[in-house]
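The lines below spell out each chain.
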Amino acid sequence: MIIKSLELENFRNYKNLHLYFDEGTNILTGENAQGKTNILEAIYLCSTTKSHKGSKDSEIINFDSEESHLRSIIDKKNEELRIDIHLRKSKSKVIALNLEKLKKTSELIGILNVVLFSPEDLNIIKGGPSYRRSFIDMQICRLDSSYVFNLSNYNKIIDQRNKLLKDIYFQPALRETLFIWDSQLQSYGSQVIKKRREFVKELNDIVKEIHYKLTGQKEFLDIRYEPDTEEDKIEETLKENAEKDLKSKITSCGPHRDDFIININGMDARKYGSQGQQRTAALSLKLAEIEIVKRNTNDNPIFLLDDVLSELDSNRQNMLLESISNIQTIITCTGLDDFVNERFKIDRVFDVHNGIVEVVE
Ligand SMILES: Nc1ncnc2c1ncn2[C@@H]1O[C@H](COP(=O)(O)OP(=O)(O)OP(=O)(O)O)[C@@H](O)[C@H]1O
Ligand SMILES: [Mg+2]
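Cut-offs used in this document
Residues numbered from 1 in each chain as written. Chains lettered and ligands numbered in written order. Predicted model: local features only at pLDDT ≥ 70, side-chain atom pairs only at ≥ 80, totals over all residues. Heavy atoms only, no water. Helix = DSSP H or I, 4+ residues; strand = E, 2+ residues; numbered from the N terminus. Rg over C-alpha atoms; globule rule 2.2 N^0.38 Å. Buried < 20%, exposed > 50% of the residue type's maximum accessible area, 1.4 Å probe, protein only. Contact = heavy atoms within 4.5 Å. 1 Å grid on protein atoms, 1.4 Å probe; cavity = no way out; pocket = protein on both sides within 12 Å on 5 of 7 lines; lining within 4 Å. Points joined across faces, edges and corners; volume = space filled by probe spheres on them. Nonpolar A, V, L, I, M, F, W, Y, C, P; charged D, E, K, R; others polar. Domains from an automatic or database assignment. Polar contact = N/O pair within 3.5 Å; in protein donor to acceptor, adjacent residues only side chain to side chain. Buried area = accessible area lost by both parts, 1.4 Å probe. Pairing = 2+ DSSP bridges. Right-handed = clockwise from strand over helix to strand, strands pointing away. Near = heavy atom within 4 Å. Areas by Shrake-Rupley, 256 points an atom, 1.4 Å probe, with all protein chains shown as cover.

Moving on to the overall build of the protein. Within the protein, the secondary structure is distributed over twelve helices and 15 strands. Taken over C-alpha atoms, the radius of gyration comes to 22 Å for the protein, in line with the 21 Å a tight globule of 361 residues would show. Considered along the principal axes of its C-alpha atoms, the protein spans approximately 70 × 50 × 35 Å. Every one of the 361 residues in the protein was classed for burial, and the buried ones make up 53%. Contacts in the protein between residues at least 24 apart in sequence constitute 70% of all its contacts with a sequence separation of at least 6.

As structure tokens, this is what we get:
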């Protein structure tokens, strides 16, 4: 799969931008704060409907504007697809695929597959459970639309149950209706847990091998899924914790509290890993992500690399380059330093300066 072009209107610091990418290696170069990451963010948004930085739509729209438009043309298994996204400051976004409006924005997930490696990814290893959940969820969502359905229903019901927990405080009679949500959480939640378990098994097989190679046969990486509640006991556990939930006005158990423990040589990388080990584990996960997309879709994802090259040693750089040798890649850097010049077959270079992008001939 390749992205052929990207058009941005009032997106971050871009008033108007129209870029054509090469199908090989593209480099975005420029000083700090010029708009390099913003371009990767726009592509990521066309893939996932969201910013990789967790920014709200209102923060992404140019400061001086009320709305923003993104358009990308992609080539997927020799079929040309057009994705249009319309962001609005106080309303929800609208997405169209081939000029047809999608009923749900989540229908876009899985159309354009990108793997982004950015400094934020260290959070998957270092951060709290929510970072690992969203990493795992995003991987499954793009491969399985029934997971998108089950997960979004589960999350919606959690929101409704939490709202009810607050309402019961003022209207105790509503207490009787709490159980209605619990059985629905059981049915959607158990599907979520089942799929997460299956996926972690597949991911584990792949990431283990990559990490072992990446560390010169020194480290075993292993991901252990730790569901907060067993899949057949969600409803039961919700009932057991009802009094506690009524006090805290928040649903305290279920798959929205799951975690995935990333162990290196048997020790939790979050707690005991060195900086370098954590960075390598993040890279292993990203390389595994590429492999999983390849296997499950019979197509290459597009690889976006934000600023992380210089932080890797030469062994890790080589492994990375091997893995991306025949896939479209878009890389940001502050200068075309030796590394980029020596190792990459560079196909197109863009100079990014204060929201204006020029192709370097
Ligand atoms: N909503 C917005 N409207 C206008 N400008 C914005 C908006 N959001 C961010 N910016 C601007 O975008 C610029 C940052 O862009 P970006 O993060 O892409 O920089 P970069 O080239 O990747 O820099 P670095 O090399 O430091 O990572 C900042 O100057 C910031 O002020
Ligand atoms: Mg940047």
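It is worth spelling out the layout of surface pockets at this point. In this structure, the largest pocket spans a volume of roughly 1,300 Å³. Lining the largest pocket we find 47 residues, and of these Tyr44, Lys50, Ser134, Asp137 and Met138 sit closest to its centre. Examining the composition of the lining of the largest pocket, we find that ten residues originate from one element, helix α4 (residues 129-143), more than from any other. The residue makeup of the lining of the largest pocket, split by class, is 15 nonpolar, 18 polar and 14 charged. The two domains that each donate at least three residues to the lining of the largest pocket are domain 1 (1-113 + 299-361) and domain 2 (121-298). Considering only enclosed or pocket space, the second largest pocket measures out at about 280 Å³ in volume. Contributing to the lining of the second largest pocket are 13 residues, with Ile210, Lys213, Leu287, Glu291 and Ser323 lying nearest its centre. Elements represented by at least two residues in the lining of the second largest pocket include exactly α6 (178-214), α10 (275-297) and α11 (314-323). A class-by-class count of the residues in the lining of the second largest pocket yields five nonpolar, one polar and seven charged.

Let's shift gears to the environment of Asp22. Inspection of the secondary structure puts Asp22 in the loop between β2 (14-20) and β3 (25-29). Accessibility expressed as a relative area gives 18% for Asp22, which makes it buried. Each C-alpha atom of the pair Asp22 and Ile346 lies 9.6 Å from the other, and the pair is 324 residues apart in sequence. Sequence-distant contacts of Asp22, defined by excluding residues within four places in its chain, comprise Gln328, Asp347 and Arg348. Here the side chain of Asp22 touches Gly24 through a polar contact of 2.7 Å, landing on its backbone nitrogen.

Here we take up the domain arrangement of the protein. Taken domain by domain, the protein consists of domain 1 (1-113 + 299-361) and domain 2 (121-298). Using C-alpha coordinates to define each centre, domain 1 is positioned 27 Å away from domain 2. Taken together, the contacts link 22 residues of domain 1 with 18 residues of domain 2. Of the roughly 1,800 Å² buried between domain 1 and domain 2, counting both surfaces, carbon and sulfur atoms make up 64%.

Before going further, it helps to spend a moment on the side chain of Ser47. Its place among the elements puts Ser47 in helix α1 (residues 36-48). Its relative accessible area of 3% is what places Ser47 among the buried residues. Each residue touching Ser47, except ones within four places of it in the same chain, is listed here: Leu108, Ile109, Gly110, Leu112, Asn113 and Val114.

Here we take up the pairing of strand β12 (residues 302-306). With five of five residues buried, β12 lies mostly within the body of the structure. Alternating residues of β12 divide into Ile302, Leu304 and Asp306 and Phe303 and Leu305, and every residue in both groups is buried. As paired strands, strand β8 (residues 114-117) and β12 are joined by four bridges and run parallel to one another. Residue pairing across strands places Phe117 opposite Leu305, the latter belonging to β12. Of the pairings in the sheet, the one linking β12 to strand β13 (residues 329-333) comprises four bridges and is parallel in character. Along β13, the bridge assignment pairs Phe303 with Thr329. Traced from β12 through α11 to β13, the parallel crossover comes out right-handed.

Below, the discussion takes up the site of ligand 1. The environment of ligand 1 is formed by 17 residues, the closest being Ala33, Lys36, Thr37, Asn38 and Glu59. Residue Thr37 places a side-chain N or O atom 2.7 Å away from an oxygen atom belonging to ligand 1. Glu59 places a main-chain nitrogen or oxygen 2.8 Å from a nitrogen atom of ligand 1. Considered on its own, ligand 1 offers 650 Å² of accessible surface; in the complex 75% of this is hidden by protein. When residues of the shell around ligand 1 are traced back to their parent elements, those giving at least two are α1 and α2 (57-60). Among the elements that line the shell around ligand 1, the one with the most residues is α1, at three residues.

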